[in-house]
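Residue-level structural notes
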Amino acid sequence: MITVGFTPEFFRKLKKLTPQLQGIAFKKIVLFRDKNNHRRLEVHKLHGKYAGFFAFSIDRKNRIIFEWTSGTEALLHTIGNH
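The shown structure was predicted, so the numbers you read here are calculated from the model rather than taken from an experiment.

Let's talk about the nonpolar core
Within the largest apolar cluster, 17 residues are counted, with the highest numbers of intra-cluster contacts made by Phe10, Phe32, Phe56, Ile58, Ile64, Leu76 and Ile79. At the level of secondary structure, the elements contributing two or more residues to this core comprise α1 (8-16), α2 (19-32), β4 (62-70) and β5 (73-81). Ranked by the residues each element gives to this core, the list is headed by α2, at four residues. If sequence neighbours within four positions are ignored, Ile64 has contacts with Phe10, Ala25, Ile29, Phe54, Ala55, Phe56, Ile58, Leu76, Thr78 and Ile79.

Take a look at the structure:
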């Protein structure tokens with residue numbers, strides 16, 4: 001099971017989402033905590049400005065950007081556009 005941490009920026013961006021998207025985001029985070037779901041969530045490495053970070057989608061427009069702090073710990077940084 002993966003331990004998940006959150007930055008203040010993540011919560012600021014989460015508050016800006018609709019209540020429906022917030023619910024979807026929390027469901028995706030629960031799935032993310034089990035590494036077996038990473039293929040299903042299409043967790044992928046980012047490039048360019050976000051090199052060194054990873055992401056998975058909330059919906060077609062929004063994604064959660066995170067970094068691995070260890071093999072079993074991830075820090076969710078922000079929610080952004082694709």
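Resuming the write-up.
Points about the confidence of the model for the chain
Of the residues in the chain, 100% have a pLDDT of 70 or more, and the chain-wide mean is 96. Confidence scores differ between elements of the chain, with β5 showing the lowest mean pLDDT of 95 and strand β1 (residues 3-6) the highest of 98.

Notes on the packing of aromatic side chains
The description of an aromatic ring pair rests on the distance of the ring centres and on the angle between the ring planes. Under the counting rule described, the total for this entry stands at ten aromatic pairs. Centre to centre, the rings of Phe10 and Phe11 are 5.8 Å apart; their planes meet at 80 degrees, and the pair counts as edge-to-face. Exposure remark for Phe11: the relative accessible area of 40% places this residue in the partly exposed category. Consider the rings of Tyr50 and Phe53, whose centres lie 6.3 Å apart with planes at 85 degrees: the pair is edge-to-face. For Tyr50, a relative accessible area of 28% gives the class partly exposed. In this structure Phe53 comes out as partly exposed when scored by relative accessible area, which is 21%. Of note, Lys35 hangs over the ring of Trp68, and the distance from its end group to the ring centre comes to 4.8 Å.

Some thoughts on unusual backbone geometry
The phi torsion at Glu42 lies on the positive side, around 55 degrees, for a residue other than glycine. Take Glu42: it is sitting in the loop between α3 (38-41) and β2 (44-45). Taking the relative accessible area as the measure of exposure, Glu42 reaches 59% and is therefore exposed.

Looking at the environment of Thr7
The residue Thr7 is located in the loop between β1 and α1 in this model. Take Thr7: its relative accessible area is 13%, and that puts it in the buried class. Remark: the alpha-carbon pair of Thr7 and Thr78, spanning 71 residues in sequence, is separated by 7.4 Å. Residue contacts for Thr7: discarding those within four places in its chain leaves Leu75, Leu76 and His77. Within the structure, the side chain of Thr7 is placed 2.6 Å from the backbone oxygen of His77, a separation counted as a polar contact.

Parameters at a glance
- Residues numbered from 1 in each chain as written.
- Predicted model: local features only at pLDDT ≥ 70, side-chain atom pairs only at ≥ 80, totals over all residues.
- Heavy atoms only, no water.
- Core = buried A, V, L, I, M, F, W, Y, C linked by side-chain atoms within 4.5 Å.
- Buried < 20%, exposed > 50% of the residue type's maximum accessible area, 1.4 Å probe, protein only.
- Helix = DSSP H or I, 4+ residues; strand = E, 2+ residues; numbered from the N terminus.
- Contact = heavy atoms within 4.5 Å.
- pLDDT = per-residue confidence, 0-100.
- Phe/Tyr/Trp six-rings, centres within 6.5 Å; stacked < 30°, edge-to-face > 60°.
- Lys NZ or Arg CZ within 6 Å of the ring centre and 35° of its normal.
- Polar contact = N/O pair within 3.5 Å; in protein donor to acceptor, adjacent residues only side chain to side chain.

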